[in-house]
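# What the coordinates show
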Amino acid sequence: YTDSQESRKRSTVIVFDEKDKSKIYVGKMRDHYELPGGGIEKNEKARESATRECLEEIGVKVKNIEFVREFDDKILDGDFRLVSYYFKGDFDGIDSELHGAGPEGELKRCVMSIDEYVGGKEKELENEKFKDAYIKCICNNDIEVLGSLK
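For every chain, the first residue of its written sequence is number 1, and the numbers climb from 1 along that sequence. Residue-level local features of this predicted model are given only where pLDDT is at least 70; pairs of side-chain atoms are given and counted only at 80 or more, and the full residue set underlies all totals for whole chains, interfaces and linings. With hydrogens and water stripped out, all remaining heavy atoms of the structure feed into the side-chain values.

### Section: the pairing of strand β2 (residues 23-29)
Strand residues, when the strand is regular, have side chains that alternate between the two faces of the sheet. Residue burial is assigned from relative accessible area. The probe radius is 1.4 Å, only protein chains are included, and a residue is buried under 20% of its type maximum, exposed over 50%, and partly exposed in between. Secondary structure is summarised from DSSP: a helix means a run of H or I of at least four residues, a strand means a run of E of at least two, and numbering begins at the N terminus for each. Across the 7 residues of β2, 5 count as buried, placing the element largely inside the fold. In this analysis, strands are considered paired if DSSP registers two or more bridges between them. In terms of strand pairing, strand β1 (residues 6-16) meets β2 through 2 bridges, oriented antiparallel. Note on β2: the bridge partner recorded for valine 15 is tyrosine 25. Hairpin connection from β1 to β2: 6 residues lie between these consecutive antiparallel strands. Where β2 lies against strand β7 (residues 108-113), 6 bridges are found, and the strand directions are antiparallel. By the bridge assignment for β7, tyrosine 25 is matched with valine 111. Of the strand pairs in this sheet, β2 and strand β3 (residues 32-34) are connected by 3 bridges, and their pairing is antiparallel. Bridging across to β3, glycine 27 finds its partner in glutamate 34. Connecting β2 to the antiparallel partner β3 that follows it, the hairpin turn spans 2 residues, and arginine 30 within it adopts a positive phi of roughly 55°.

### Considerations on the side chain of arginine 52
With respect to the element layout, arginine 52 can be found in helix α1 (residues 46-58). What makes arginine 52 buried here is its relative accessible area of 16%. Side-chain polar atoms of arginine 52 contact the backbone oxygen of glycine 39, separated by 3.0 Å. Aside from chain neighbours lying at most four places away, what touches arginine 52 is Gly39, Glu41 and Glu44. Definition of a polar contact: a pair of N or O atoms within 3.5 Å, with one able to donate and the other able to accept a hydrogen when the atoms are protein atoms, and with sequence-neighbouring residues admitted only if both atoms are side-chain atoms. Contact criterion: two residues are considered in contact whenever any of their non-hydrogen atoms come within 4.5 Å of each other.

### Quick look at α1
The terminal C-alpha atoms of α1, which comprises 13 residues, lie 18 Å apart, in line with the 18 Å expected from a rise of 1.5 Å per residue. Buried residues of α1: Ala46, Ser49, Ala50, Arg52, Glu53, Cys54, Leu55, Glu57 and Ile58, and no others. One or two residues past the end of α1 sits glycine 59, with phi positive at roughly 70°. What a helix is expected to span follows from its residue count: subtract one and scale by 1.5 Å.

### Section: the pairing of β1
In this sheet, strand β4 (residues 37-39) lies alongside β1 in antiparallel orientation, the contact comprising 3 bridges. Residue pairing for β4: serine 11 is matched across the bridge by glycine 38.

Below, the structure is given as structure tokens:
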């Protein structure tokens, strides 16, 4: 990463199901599942972005949102650096008016176990494998393992 490269920032939120904390809300787009998240707009805080993206993408309101981790994805395509901010929070209802309001089109809202989510993703980059391990630890509240992942 050099000073001349653009830095892009995004937020992602892991939303726990209100009845079963071993399950999370995700969006399904075509043939894959994604945690709700997206780019941080100008003059927007990362936490605000995570909340907004969750509403726009899957129509879910989040409460008790807290910062978990920043990931620096280094250089992508040599042109920019992607910095991702991860949050976790609790389900706080559905806002169907905002569901699918984003430019990417409507995601199908799903609730699944973290094992289903992590196990169902294609692993292409080593950094993605690391993030999935970290996400799994967050969801399982495995603080000891979480501390060992750097």
